[in-house]
Amino acid sequence: QKEVEQDPGPLSVPEGAIVSLNCTYSNSAFQYFMWYRQYSRKGPELLMYTYSSGNKEDGRFTAQVDKSSKYISLFIRDSQPSDSATYLCAMSIKAAGNKLTFGGGTRVLVKP
Amino acid sequence: GAVVSQHPSWVICKSGTSVKIECRSLDFQATTMFWYRQFPKQSLMLMATSNEGSKATYEQGVEKDKFLINHASLTLSTLTVTSAHPEDSSFYICSARGGLAVYNEQFFGPGTRLTVL
């Protein structure tokens, strides 16, 4: 079993819809939770990071962490075709040097 | 945000040759750099962590004699794939991190696509 599980998709939504992404994890020691966006043949770009359970909002993006359930989510409101990309969740432990453990990524397609 | 560059962006080489990939932090000092590889439609797998001026720490299963990492300065790390074979063909991505905050964001480079014939 992988430490971080993420549905590979593809997830296809119409423009303007809410995109809902999630990851589950097995290691309760994870402290920091990140969401990255990766366009094809490009490096990942950090979208959000959180370190506590609850919600964090930044523009059209909301990150949610539920440590008791070992479950994190990312919501994208008012989705645009430019949001079409692969979204990767990642987690880290400070004592382990904050090395990132990535989920497999979910491919998202926002159709005009 | 901080900028990390990689060079070259893509490279094709013959089996048995060595290839060097550079990773540079352009506007900050990177105390730590990371090297990842990514196969098509798969996630990033950490290969090694390097701190400036010291030997790299390799993840389990990564051959350190095959993937030579040098982090000679606070702005440059290099990955050399020695005696490359077709199975080494992959997308190699570096990231860089600086500072001593509780959480230090990693800034990723654009990646290097290696094709070994």
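Note that the coordinates shown come from a computational prediction; the quantities given were computed from them, not determined experimentally.

### Structural notes on the overall build of chain B
Helices and strands together make up the secondary structure of chain B, namely zero helices and eleven strands. The order of α-helices and β-strands along chain B, N terminus first, is β-β-β-β-β-β-β-β-β-β-β. Referenced to the eigenvectors of the C-alpha coordinate spread, the extents of chain B come out at roughly 40 × 25 × 25 Å. Burial statistics for chain B: of 117 residues in total, 49% are counted as buried. For chain B, restricting intrachain contacts to residue pairs at least 6 apart in sequence, the fraction spanning at least 24 positions comes to 56%. Only carbon and sulfur atoms are counted for the fraction: they give 55% of the accessible area of chain B, which is about 5800 Å². If the 10 positive side-chain charges of chain B are averaged to one point and the 9 negative ones to another, these points end up 5 Å apart.

### Digging into the overall build of chain A
Regarding its fold elements, chain A presents zero helices and eleven strands. A compact globule built from 112 residues would reach a C-alpha radius of gyration of about 13 Å, and chain A, at 13 Å, matches this within 12%. A principal-axis box enclosing the C-alpha atoms of chain A has dimensions of 45 × 30 × 20 Å. Looking at chain A as a whole, 42% of its 112 residues are labelled buried. Accessible surface, chain A as shown: approximately 5500 Å² in total, 48% of it carbon and sulfur. Charged side chains of chain A number 13 positive and 10 negative; the gap between the two group centres comes to 7 Å.

### What to know about the environment of A:Pro14
Residue and element names in this part refer to chain A. Relative to the helices and strands, Pro14 is located in strand 2 (residues 11-14). The class of Pro14 is exposed, set by a relative accessible area of 53%. Between the C-alpha atoms of Pro14 and Ser79, which are 65 residues apart in sequence, the distance is 7.9 Å. Once residues within four sequence positions are removed from consideration, Pro14 is found in contact with Ser79, Val110 and Lys111.

### As for the packing of aromatic side chains
To describe a pair of aromatic rings, you give the distance between the ring centres and the angle between the ring planes. Under the defined criterion, the tally for this structure stands at ten aromatic pairs over all chains. Judged by centre distance (6.0 Å) and plane angle (75°), the ring pair of A:Tyr25 and A:Phe30 falls under edge-to-face. Assessed through its relative accessible area of 6%, A:Tyr25 is described here as buried. Every member of this aromatic cluster is reached through a ring pair, and the members are A:Tyr36, A:Phe102, B:Tyr36 and B:Phe108. Its end group placed over the ring of A:Tyr49, A:Lys56 keeps NZ or CZ at 4.5 Å from the ring centre.

### Some thoughts on the state of the cysteines
Residues and elements named next belong to chain A. One pass over the structure, following the stated rule, counts two disulfides over all chains. Between the sulfur of Cys23 and that of Cys89 lies a disulfide, 2.0 Å long from S to S. Sign of the S-S torsion, about -105° for the bond between Cys23 and Cys89, identifies this disulfide as left-handed. Residue Cys23 is found in strand 3 (residues 19-25), and its partner Cys89 is found in strand 9 (residues 85-92); the two are separated by 66 residues along the sequence. The two residues Cys23 and Cys89 agree in class, both being buried.

Rules behind the numbers
Residues numbered from 1 in each chain as written. Chains lettered and ligands numbered in written order. Predicted model: local features only at pLDDT ≥ 70, side-chain atom pairs only at ≥ 80, totals over all residues. Heavy atoms only, no water. Helix = DSSP H or I, 4+ residues; strand = E, 2+ residues; numbered from the N terminus. Buried < 20%, exposed > 50% of the residue type's maximum accessible area, 1.4 Å probe, protein only. Contact = heavy atoms within 4.5 Å. Areas by Shrake-Rupley, 256 points an atom, 1.4 Å probe, with all protein chains shown as cover. Lys, Arg positive; Asp, Glu negative; His and termini not counted. Charge placed at Lys NZ, Arg CZ, Asp CG, Glu CD. Rg over C-alpha atoms; globule rule 2.2 N^0.38 Å. Phe/Tyr/Trp six-rings, centres within 6.5 Å; stacked < 30°, edge-to-face > 60°. Lys NZ or Arg CZ within 6 Å of the ring centre and 35° of its normal. Disulfide = S-S within 2.5 Å.

Bear in mind that shape data such as this cannot, by itself, settle questions of function.
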